[in-house]
Amino acid sequence: MSSNSTSLPDYSLAPEQVPLVGSLTLDDGERERLKSRIADTLQSRGMALVAHYYVDGDIQDLAEQTGGCVSDSLEMARFGRDHQASNLVVAGVRFMGETAKILSPEKRVFMPTLEAECSLDLGCPPDAFAQFTAEHPDRTVVVYANTSARVKALADWVVTSSCALDIVSSLKARGEKILWAPDKHLGAYIQKQTQADMLLWSGACVVHEEFKSKALDDLRKVYPDAGVLVHPESPASVIQGADVVGSTKAIVDAAQRMPNDTFIVATDRGIFHKLRQQNPGKTFIEAPTAGDGATCRSCAHCPWMAMNELRALDRVLHDDAYMASCEILVDPELGLRAKQPLDRMLAFQAG
Ligand code: SF4
């Protein structure tokens, strides 16, 4: 079995394609005023707020307080599909809003901003990907959820980091050869675990790619009893040093389950809100992004997730013109094609 490297160009983003993380400081009075107004509006309009673990902690709290959900992208997709609300507000990045719309075309889906992209999505241009799949018609096309509707429409399966291992294992057991996109690190991890024959696209997450193995080893010496929890979008050398490798949901579960008092965590720092909330007696330390090759962008926080801030959420709910500009629209015929591999994933998980 082999992990085939491709002659594809490297689709990692150049630094100038990545926005800087914005820093918004609101005074406590303003924060509370916005939170209260947002909660009232969500409830009076019967809208469900579906938030990712990486967004602002206040938005995570609002989602839970108003009957929405905070989770990883797999659970967000399921929750949005199954919730009775006819209007969803998705706080995350654009592919998450698109996924919600594809699964529930009859619902209206809004986001605090449509500028919240993802480097994996941007690093998988649909035309180039269509050509890649056409060159390998013998392979089952498996794409990560972090892709556009057009890329999903070219796939046989969509997976998230929660279910990728199980789905690829089952495809391998059926003798299928796989074309994987877009995250090269997650693809290499899955290939190593399953020994499946996988041809890998060459995209990367700008956040997880910054974690550094040497600096992580040094930190472990300072905290020898710490559990190390790593998201599989990280480089292989960082994954190698982990006690648990898994999706954001798997990381949240491991922190509750494991007896350690201290954890070093290699994923977006937005997750620390939930980790600290659920484990008040435990200490959580960010895995290092400093060290060789570090840049001013090595801050363990996704610049696009950071665009989901309270003022943007408030504006999308109270400014009609802005709200109209933040609605997710997916061509119905394209949506139908993209829905098939998503439905396959959700049925696999349910079975
Ligand atoms: S953290 Fe990485 S994978 Fe997640 S949305 Fe940001 S760029 Fe995409």
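Residues numbered from 1 in each chain as written. Predicted model: local features only at pLDDT ≥ 70, side-chain atom pairs only at ≥ 80, totals over all residues.

Comments concerning the sheet that holds strand S5 (residues 108–110)
- Strands sit in the order S3-S2-S4-S5 across an open sheet of four strands; the sheet is parallel. On the outer flanks of this sheet lie strand S3 (69–71) and S5, each paired with one strand and no other. Neighbour-to-neighbour, the strand axes of this sheet turn through a mean angle of 20°, independent of strand direction.
- In this structure, strand S2 (residues 48–52) lies alongside S3, joined through three bridges in parallel fashion. When the sheet's bridge partners are listed, valine 50 is paired in S3 with cysteine 69.
- This element, helix H4 (residues 94–103), spans S2, strand S4 (87–91) and S5 of the sheet and lies at about 155° to S4. (Pairing = 2+ DSSP bridges. Helix = DSSP H or I, 4+ residues; strand = E, 2+ residues; numbered from the N terminus. Axes fitted to C-alpha atoms, helices over the stretch in contact; angles between N-to-C directions. Contact = placed C-beta atoms within 7 Å.)

Re the environment of tyrosine 189
- Positionally, tyrosine 189 belongs in helix H9 (residues 184–194).
- Residues tyrosine 189 and valine 245 lie 56 residues apart in sequence; the distance between their C-alpha atoms is 9.6 Å.
- Apart from residues lying up to four places away in sequence, tyrosine 189 is in contact with Pro232, Ala236, Ile239 and Val245.

Structural notes on the domain arrangement of the protein
- Segmentation of the protein into domains returns domain 1 (3–9 + 120–200), domain 2 (25–115 + 305–333) and domain 3 (208–286).
- Grouping the amino acids of the side of domain 1 that touches domain 2 by side-chain chemistry returns three nonpolar, five polar and one charged. (Domains from an automatic or database assignment. Nonpolar A, V, L, I, M, F, W, Y, C, P; charged D, E, K, R; others polar.)

Re helix H1 (residues 28–44)
- The terminal C-alpha atoms of H1 lie 24 Å apart, and with 17 residues this matches the ideal 24 Å at 1.5 Å per residue to within 8%.
- Lining the buried residues of H1 we find S2, helix H2 (57–65) and helix H14 (310–318). (Expected span 1.5 Å × (residues − 1).)

Some remarks on the packing of H1 against H2
- Packing of H1 against H2 brings their axes to within 10 Å, and their N-to-C directions diverge by 30°. In this structure, H1 meets H2 at a crossing whose hand is right-handed. Here Arg31, Lys35, Ile38 and Ala39 of H1 come into contact with H2, specifically with Asp58, Leu62 and Gln65.
- Among the residues forming the contact of H1 with H2, the class breakdown is three nonpolar, one polar and three charged. (Left-handed = near helix turned anticlockwise from the far one by under 90°.)

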